[in-house]
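Understanding the architecture of this molecule
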Amino acid sequence: AKSVPFKKMFGLGNDFIVLDARKDPSISTASEPKRATALTDRKTGIGCDQLIIMEACDDAMCRMRIINADGSEVGACGNATRCIGGLLFEETPSAECATIRTKAGLLKCYKGASPEMICVDMGEPGLIWDQVPVSKECDTLNCGTNCEGPGGLTNAACCSMGNPHATFFVEDCEKVPLDTIGHDLEHHSFFPERCNVSVVTVSKDKKSIRMRVWERGTGITQACGTGACGTAVNAVRRGLIGKDQDYSAEVQMDGGSLTIKYPPPGCGDKDEGHVFMTGRYDLAYTGVIPASLWN
């Protein structure tokens, strides 16, 4: 029987089983749906939101594969990226930058102000209608009546962070019944690949954004890294966060906060056009997968 070590990690309450297949490629078979769903089951397995597999890679420090609890594989997960970046810095403390290859592209991680803080260059957002994607050509900053929800939700701003995001800016996002309307918005015909839905309120001083999120395929979650990025991007595009705020905001979710910076194209910042996400990562415990779960 094979003994496979694992790490249980989390970022803002979004939890992961992390497996390292860099030296033993056979560990990647954890991605097979039957095995993945056995591991991710919270009652009979180890339990997690996503299973993360680190693999050897020629043009980066590692490849990161992301398997959802239902066995489907996805391209992006901001909270997991910080965890893997943190592990890579623990292995190679002298590194200036940790590089991670994902389905959505090459991501670069940098050390934050303290050891548990990681900053990720999430790359450029997709702002054109067929990049999000939405079902018809439109101005993605003001989608108007194309997608509306009960209770007056209208005029979403949409973008892609490797996955589709719709942001609704409202007076008080706590009052939005996201648990009852999230499903229909996710599955709205305007979003051919479904959508992650955020309802957000920008603070009066423009330093912070309160965000609640309905994640595609999951429902309401404690936090969504790419969702926080999409929200900040759309707030900058709408002029709600600007140069006076250094194009940066603290995005406050139920599970904690992330600092997102998006200096827009043409603003003169050396990093213009790229989204930077800074937040903490945590290790809960380490262990070994029992043979019964690996069969």
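Up top is the structure.
Position numbers for residues start from 1 in each chain and track the written sequence from start to end. Confidence filtering applies because this is a predicted model: local features only for residues at pLDDT of at least 70, side-chain atom pairs given and counted only at 80 or more, and all residues used for totals across whole chains, interfaces and linings. Calculation of side-chain values draws on the structure's entire complement of heavy atoms; hydrogens and water are dropped beforehand.

1. Points about the overall build of the protein chain
Going by this rule: Note on conventions: DSSP H or I runs of at least 4 residues are helices, E runs of at least 2 residues are strands, and numbering of each starts at the N terminus. Just to be clear, the radius of gyration here is over C-alpha atoms, and the globule rule we use is 2.2 Å times residues to the power 0.38. Think of it in three bands: residues with accessible area under 20% of the maximum for their type are buried, residues over 50% are exposed, and the middle band is partly exposed, with areas taken using a 1.4 Å probe on protein chains only. Residue contacts are counted whenever heavy atoms from the two residues lie within 4.5 Å of one another. Per-residue and other accessible areas follow the Shrake-Rupley method at a 1.4 Å probe size, with only the shown protein chains counted as cover for residues. We score Asp and Glu as negative and Lys and Arg as positive, and we do not count His or the chain ends. Where a charge lies is defined by one atom per residue type: Lys uses NZ, Arg uses CZ, Asp uses CG and Glu uses CD.
A count of helical and extended segments in the protein chain gives five helices and 17 strands. Taking 2.2 N^0.38 as the reference for a compact globule, 295 residues should give roughly 19 Å; the C-alpha atoms of the protein chain span a radius of gyration of 19 Å, in line with that estimate. Oriented by its inertia axes, the alpha-carbon framework of the protein chain measures out at about 55 × 40 × 30 Å. Counting every position in the protein chain, which comprises 295 residues, the buried fraction comes to 53%. Sequence separation of at least 24 residues holds for 59% of the intrachain contacts in the protein chain that already meet a minimum separation of 6. Accessible surface, the protein chain as shown: approximately 13000 Å² in total, 49% of it carbon and sulfur. Charged side chains of the protein chain number 31 positive and 38 negative; the gap between the two group centres comes to 3 Å.

2. A look at unusual backbone geometry
In this model, Val132 is joined to Pro133 through a cis peptide bond whose omega is -10 degrees. Structurally, Pro133 is set in the loop between β8 (117-121) and β9 (157-160). The backbone phi angle of Asn155 is positive, close to 55 degrees, even though this residue is not glycine. As for its placement among the helices and strands, Asn155 is situated in the loop between β8 and β9. Residue classification places Asn155 among the partly exposed residues on the basis of a relative accessible area of 24%. Unlike most non-glycine residues, Arg194 shows phi in positive territory, near 60 degrees. Mapped onto the elements, Arg194 comes out in the loop between α3 (178-186) and β11 (196-202).

3. A look at the pattern of salt bridges
We count it as follows: Within this document, salt bridges are pairs made up of a side-chain nitrogen of Lys or Arg and a carboxyl oxygen of Asp or Glu, the two lying within 4 Å of each other.
According to the stated counting rule, one finds 16 salt bridges in the structure shown. Where Arg22 meets Asp20, a salt bridge forms, and the shortest distance between an N and an O atom there is 2.8 Å. On the accessibility criterion, Arg22 (22% relative accessible area) is partly exposed. Note that Glu73 and Arg65 form a salt bridge whose closest N and O atoms lie 3.0 Å from each other. Here Glu73 falls in the partly exposed class, since its relative accessible area comes to 31%. Taken together, the salt bridges that share partners define one network made up of Lys8, Asp15, Arg42 and Asp49.

4. With respect to the environment of Asn295
Within the secondary structure, Asn295 is located in the segment after α5 (291-294). Overall, Asn295 belongs to the exposed group, its relative accessible area being 68%. Remark: the alpha-carbon pair of Asn295 and Lys2, spanning 293 residues in sequence, is separated by 9.2 Å. Not counting chain neighbours up to four residues away, the residues in contact with Asn295 comprise Lys34 and Arg35.

5. A few points about the layout of surface pockets
This is how it is decided: Cavities and pockets are found on a 1 Å grid laid over the protein atoms alone: a cavity is a set of points where a 1.4 Å probe fits but cannot escape, a pocket is an open set with protein on both sides within 12 Å along at least five of seven lines, and a lining residue has an atom within 4 Å of such a point. Grid points are joined across faces, edges and corners, and a volume is the space filled by probe spheres set on the points. Under the scheme applied here, ten amino acids are nonpolar (Ala, Val, Leu, Ile, Met, Phe, Trp, Tyr, Cys and Pro), four are charged (Asp, Glu, Lys and Arg), and all others, including Gly, are polar.
As a volume, the largest pocket reaches approximately 360 Å³. What lines the largest pocket is a set of 24 residues, and nearest its centre among them are Asn68, Val74, Asn163, Glu215 and Arg216. Mapped onto the lining of the largest pocket, the elements with two or more residues apiece are β4 (62-68), α2 (78-91) and α4 (225-237). For the lining of the largest pocket, the class distribution of residues is six nonpolar, 14 polar and four charged.

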